[in-house]
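# Chain and residue survey
Listed below are the residues making up each chain.
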Number of protein chains: 2
Amino acid sequence: MDEIEQNQISTLTRVLLEDTQQFREEFLDYPTFEQVQFYLQLDEELRKILYTIIKPKEMAEIFDLVEQEVDDVEPYVLEMGRKYAVEMLLEMSKDDVVDILKQLSPENARIYLKLLPREEVSDIMELFQYPDGVAGALMTTEYVAISATQTVAEALQVVKSQSREAEIINYAYVVDRNECLVGIVSLRELLANSDDVLIPDIMIDRIVSVSVSQSQESVAQKIKDYDLVAIPVVTEDDVLLGIITVDDIIDVIDESAVSDYSGLAGVDVEEVSKNVWQSALQRLPWLIALMLLAMLTTSLISRYKGVLEINQTLSIFITLITGTAGNAGTQALAVTVRKLAIKEQVMPAKFIINELTIGLITGTLTGTVVFFAVSILQQNMLTGFIVAISMLVSILVATLAGNLIPMLIVKFGVDPAVASGPFISTLSDLTSIIIYFGIASVIFGYLS
Amino acid sequence: MDEIEQNQISTLTRVLLEDTQQFREEFLDYPTFEQVQFYLQLDEELRKILYTIIKPKEMAEIFDLVEQEVDDVEPYVLEMGRKYAVEMLLEMSKDDVVDILKQLSPENARIYLKLLPREEVSDIMELFQYPDGVAGALMTTEYVAISATQTVAEALQVVKSQSREAEIINYAYVVDRNECLVGIVSLRELLANSDDVLIPDIMIDRIVSVSVSQSQESVAQKIKDYDLVAIPVVTEDDVLLGIITVDDIIDVIDESAVSDYSGLAGVDVEEVSKNVWQSALQRLPWLIALMLLAMLTTSLISRYKGVLEINQTLSIFITLITGTAGNAGTQALAVTVRKLAIKEQVMPAKFIINELTIGLITGTLTGTVVFFAVSILQQNMLTGFIVAISMLVSILVATLAGNLIPMLIVKFGVDPAVASGPFISTLSDLTSIIIYFGIASVIFGYLS
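Residues numbered from 1 in each chain as written. Chains lettered and ligands numbered in written order. Predicted model: local features only at pLDDT ≥ 70, side-chain atom pairs only at ≥ 80, totals over all residues. Heavy atoms only, no water.

So, about the overall build of chain A. Counting secondary structure elements, chain A contains 21 helices and six strands. Taking 448 residues into account, the globule formula puts the C-alpha radius of gyration at 22 Å, and chain A, at 31 Å, lies well above it. Counting only C-alpha atoms and orienting by the principal axes, one finds that chain A spans roughly 95 × 60 × 45 Å. Here chain A holds 448 residues, and the buried ones make up 56% of them. Taken as a whole, chain A presents about 19,600 Å² of accessible surface, with 56% of it coming from carbon and sulfur. Seen as two clouds, the 29 positive and the 63 negative side-chain charges of chain A have centres 5 Å apart. (Helix = DSSP H or I, 4+ residues; strand = E, 2+ residues; numbered from the N terminus. Rg over C-alpha atoms; globule rule 2.2 N^0.38 Å. Buried < 20%, exposed > 50% of the residue type's maximum accessible area, 1.4 Å probe, protein only. Areas by Shrake-Rupley, 256 points an atom, 1.4 Å probe, with all protein chains shown as cover. Lys, Arg positive; Asp, Glu negative; His and termini not counted. Charge placed at Lys NZ, Arg CZ, Asp CG, Glu CD.)

This part is about the relation of the copies chain A and chain B. For the match of chain A to chain B, the screw axis carries a shift of 0.1 Å, the RMSD comes to 0.3 Å, and the turn is 180°. In the structure described here, the two chain copies are related by an operation that fits a two-fold rotation axis. (Least-squares fit on C-alpha atoms with pLDDT ≥ 70 in both.)

So, on to unusual backbone geometry. Backbone phi values are negative for most residues with the exception of glycine, while trans is the configuration of most peptide bonds. All names here are of chain A. Residue Glu-179 is not a glycine yet carries a positive backbone phi of 70°. At Asp-227, a position not held by glycine, the phi torsion is positive, near 55°. Position of Asp-227 relative to the elements: it lies in the loop between helix H14 (216-225) and strand S5 (230-234). Accessibility expressed as a relative area gives 28% for Asp-227, which makes it partly exposed.

Here the focus is the interface of chain A and chain B. Reports of interface size often rely on the accessible area that becomes lost once the parts have come together. Residue-level contacts link 117 residues of chain A with 117 residues of chain B. The interface formed by chain A and chain B holds six salt bridges in total. Two residues, Glu-355 of chain A and Arg-283 of chain B, come together in a salt bridge whose shortest N-O distance is 2.8 Å. At the junction of chain A with chain B, the criterion picks out 21 residue pairs in polar contact (both at pLDDT 80 or more). The dominant element in the side of chain A that touches chain B, judged by the number of residues it contributes, is helix H16 (residues 276-303) of chain A, at 17 residues. For the side of chain A that touches chain B, the per-class residue count stands at 59 nonpolar, 27 polar and 31 charged. (Contact = heavy atoms within 4.5 Å. Salt bridge = Lys/Arg side-chain N within 4 Å of Asp/Glu carboxyl O. Polar contact = N/O pair within 3.5 Å; in protein donor to acceptor, adjacent residues only side chain to side chain. Nonpolar A, V, L, I, M, F, W, Y, C, P; charged D, E, K, R; others polar.)

Our focus in this paragraph is the sheet that holds strand S1 (residues 144-147) of chain A. Residues and elements named next belong to chain A. Spatial strand order, S1-S2-S3: three strands in an open sheet with mixed pairing. Each edge of the open sheet is held by one strand with a lone partner, namely S1 and strand S3 (181-186). Here the strands of the sheet are splayed against their neighbours by 35° on average, with no regard to which way each runs. Two elements, strand S2 (residues 171-175) and S3, share five bridges in a ladder whose sense is antiparallel. Note on S3: the bridge partner recorded for Val-174 is Gly-183. (Pairing = 2+ DSSP bridges. Axes fitted to C-alpha atoms, helices over the stretch in contact; angles between N-to-C directions.)

A contiguous patch of negative charge, built from Glu-18, Asp-19, Glu-25 and Glu-26 of chain B, is present on the exposed surface. Note that Glu-25 of chain B resides in helix H2 (residues 20-29). (Patch = residues over 30% accessible without salt bridge, like charges linked within 9 Å, V, L, I, M, F, W, Y side chains within 5 Å.)

This part takes up the pattern of salt bridges. All names here are of chain A. Evaluated as defined, the whole model comprises 20 salt bridges over all chains. In this structure, Lys-48 engages Glu-44 in a salt bridge whose closest nitrogen and oxygen atoms are separated by 3.2 Å. Linking Lys-48 with Glu-44, this pair stays in helix H4 (residues 44-53), spanning four residues, or about one helical turn. Judged by its relative accessible area of 40%, Lys-48 falls in the partly exposed class. Between Lys-94 and Glu-142 there is a salt bridge, and its shortest N-O distance comes to 3.5 Å. One end of the pair, Lys-94, is in helix H8 (residues 94-103); the other, Glu-142, is in the loop between helix H10 (118-128) and S1, and 48 residues separate them in sequence. Residue classification places Lys-94 among the buried residues on the basis of a relative accessible area of 11%. Overall, the relative accessible area of 14% leaves Glu-142 in the buried class. Through salt bridges with shared partners, one network takes in Lys-94, Asp-123 and Glu-142.

Bringing the sheet that holds strand S4 (residues 210-211) of chain B into the picture now. Residues and elements named next belong to chain B. On the basis of which strands lie adjacent, the open sheet formed by three strands has the order S4-S5-S6 and mixed pairing. Looking at which strands have only one partner, the edges of the open sheet turn out to be S4 and strand S6 (240-245). Direction of pairing for S4 relative to strand S5 (residues 230-234): parallel, over a ladder of two bridges. What sits directly across from Val-210, in S5, is Val-233.

This part is about the packing of aromatic side chains. A complete count under the given rule lists 26 aromatic pairs over all chains for this structure. Between Trp-286 of chain A and Phe-423 of chain A, the ring centres sit 6.3 Å apart and the planes meet at 50°, which makes this aromatic pair tilted. In this pair, Trp-286 of chain A is assigned in helix H16 and Phe-423 of chain A in helix H21 (residues 421-447), connecting sequence segments 137 residues apart. The exposure class assigned to Phe-423 of chain A is partly exposed, which follows from its relative accessible area of 23%. Ring geometry for Phe-27 of chain B and Phe-38 of chain B: centres 5.7 Å apart, planes at 55°, overall tilted. (Phe/Tyr/Trp six-rings, centres within 6.5 Å; stacked < 30°, edge-to-face > 60°.)

Next up on the list: the pairing of S2 of chain A. Residues and elements named next belong to chain A. Within S2, five of the five residues are buried, leaving the element largely enclosed by the surrounding structure. Of the two faces of S2, the one carrying Tyr-171, Tyr-173 and Val-175 and the one carrying Ala-172 and Val-174 are both buried. Here S1 pairs with S2 via four bridges, running parallel. When the bridges of S2 are listed, Ser-147 appears paired with Val-175. Handedness of the crossover is the feature at issue here: the chain leaves S1, passes through helix H11 (residues 152-162), returns alongside S2, and the resulting connection is right-handed. (Right-handed = clockwise from strand over helix to strand, strands pointing away.)

All names here are of chain B. All of the buried residues in helix H4 (residues 44-53) are Leu-46, Arg-47, Leu-50, Tyr-51 and Ile-53. Buried positions in H4, seen along its axis, are confined to an arc of 160° and lie on one side of it. Facing away from the buried side of H4, by more than 90 degrees, are the exposed residues Glu-45 and Thr-52. Buried residues along H4 sit against helix H1 (6-18), H2, helix H3 (32-41), helix H5 (56-69), helix H6 (74-79) and helix H7 (82-91). (Arc of directions from axis to C-beta.)

Phe-63 of chain A together with Phe-63 of chain B are the most contacted members of the largest nonpolar core, which totals 166 residues. If near-sequence neighbours (up to four positions away) are discounted, Phe-63 of chain B is found in contact with Tyr-39, Val-73, Tyr-76, Val-77, Met-80, Met-88, Met-92 and Ile-100 of chain B. Ile-433 of chain A together with Ile-318, Val-387 and Phe-444 of chain B belong to the second largest nonpolar core, which has 62 residues in total. (Core = buried A, V, L, I, M, F, W, Y, C linked by side-chain atoms within 4.5 Å.)

Residues and elements named next belong to chain A. If you check the domain split of chain A, you get domain 1 (6-130), domain 2 (144-254) and domain 3 (276-447). Averaged C-alpha coordinates put domain 1 and domain 2 at centres separated by 29 Å. Taken residue by residue, the interface counts five residues in domain 1 and five residues in domain 2. Here domain 1 packs against domain 2, burying approximately 310 Å² in sum over the two surfaces, 31% of which is carbon and sulfur. Taken together, domain 1 and domain 2 are joined by zero salt bridges. The tally of links between domain 1 and domain 2 comes to one residue pair in polar contact (both at pLDDT 80 or more). For the side of domain 1 that touches domain 2, a count of residues per class yields one nonpolar, two polar and two charged. (Domains from an automatic or database assignment. Buried area = accessible area lost by both parts, 1.4 Å probe.)

Tracing the backbone through its elements, the reader meets Thr-426 of chain B in helix H21 (residues 421-447). Residues Thr-426 of chain B and Gly-329 of chain B, 97 residues apart in the sequence, show an inter-C-alpha distance of 10.0 Å.

Within a regular strand, side chains alternate between the sheet's two faces. Burial runs high along strand S3 (residues 181-186) of chain B: five of the six residues are buried. From the end of strand S2 (residues 171-175) of chain B to the start of S3 of chain B, which pair antiparallel, there are five residues, and Glu-179 of chain B there has a positive phi angle of about 70°.

In structure tokens:
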């Protein structure tokens, strides 16, 4: 009952070469996900044998998942031969066909578009126009549409006749003569009511829908909030264009979580299938860029050589202050990015004041601890005081930076997740050094 | 068509006080999620009026979401009065009832359990036993069960009769006389086939299921991989215990993404509804703990005072080396935590060697850049060499630490996400200092 295992794959591969009929029966008995795992383990030669055994219609279901798994789907499509590929595409959801055509070279995409029936092509061209990331690019046009003049029995007949093609049959969408969405009936309601009940009597007319140009993240939020299996996609005039189903949304939620996580770490954590050189090259830009920022910090420190000569012990506490402030900045950054991501209704001013207060509290408490620790260890309350007050101010500034920078990035229309923890802590190294040596200079200047 | 707005809430609140019948009609017309938003804005007095207008059965659907939104559901349950609350609980899914009872004080939970009918209680007690985080705690027992001896018409009759109570009706689960799951039929198939077809002819018998004690994350992965709306939960002997639906799984995926993100940042990013004091107190443990670790680094630096006196410029480059190595460590950490989370099949040895190689490549390139930068800026190739070689080794060690620490944590059965970016960078401050001053001491010792 678990994922297909390596020895099952070997056995099945042997059967593929030996007994076509037995292979068909065994292979088609597996769940689609496991068929895909098997398919992806085959080399081109074996896949070509498979195409002679498995019908295009059966391949359609498998290929829907293959397209999501492989980086480049083009060689798979080309090796099938045109006739087989076109028949397969005809059996797939139109949104999946668009996803596949988008991965082909322009010439090949044109060739396959020409081979498809004209009525399919117009639907596909319509889906083609939506840029990645908006609701339109995620929707499918295969839904069950009924009319408000129908009875339950008639509506059930429509559901039955479309049950093979429709992406989901949990809901039937009620449209008027202008294709406007006027209501939704769940299959549950259709089954629970008697045959002669009229659709308007049982349909929900306060519709939860999304606009075709809305971001996929906001669609995901809505499906999650309202606990839906599918959500209708409409134009500004409420014309029904398609539906988005929960399984596509799960992938969106997952991808956006991974990209937030990658952002915070300053590295694409999905570097999975890459080799070490590619992985290293991917990590380098951030590393080098931040190192150049750190060089700035370094040149600042060298300017304060005079202060360091007066009190050599100051250099001992550099990492203590920069490290702790950097940690506080990373915390503030993560909280802010998250708040911005879930679009919690916050007044920017109130949010900033809150973070400032949090920085003040954590800074004061941390500063107090460090004051006693340094004063006792160094037997020098002046050093303890300088380190403690620098710690307080550095934490305050780092917390504020962790809060303000993602908010500013959002202002410029960029995903706040690009502000990484390493960036905030390297930046806070710079500010902390200015604060630390600045405070030390002032105090030494005052004392001398 | 969007979330309920503040002025709608005000209007509806006025209607609640003025016209009971009109309120009922208007309120029940809203989608459940918006009813919940309205409900949560009311004070206790107004909620008590609402209970007199909205039936327990209608409240059941609302309260299912309320339970997920509020921190403590107990006052809401108590204010309803026992009779109303019990009637409401009877209308809810058993898994949701368990979630609510778990939030009540033990005495109150006992009181409500006693008031529920005996046959309900035994189901509920069974669900009670599963600890949070496993499949059993997420499943519901309200599914459609049919027998392999039935025809399509008979099965459809069962679906119809249970369509109100069942959590989903997309699948009917085929069980034998021992309650063992032997097949699954989709409602789609039932509707597409004629009445006299026998269930065994159309059911899927290669079942994708999860075990009752499996982790919720692995259930989520399976639902995602197989694109399911629901998955059956079985014992080791394949006895069907319940089903888990995709809407509960979305919450699991979301929560685990948030907890990974929080882990990397070293702060609970869901500190949303808290006040500044609570937020500050939540950030402090990590801050103080890491500061104590940084104190260790500080005392190490003070041991190397001798080296610092020989070459005062060394102190200038401390943050450059510790900062850059910390960033490399954070990157390696995030990649490793992610790989462990998706349980990619990796040989530990190969994985470690890969990360070491990546550390070597990034360290060498970064070290080369820093060698030229420092040599030119300081007009001193010896300092440039010491800083560059320290940078290389520090990055190597930090990358290895970012890779090994989460792997070790997993060995001890803990979620690898607890290893935070701030922890790795503070730890790497320590190792980088040892490396930097160690290398400097050796070279100076050799030269003198």
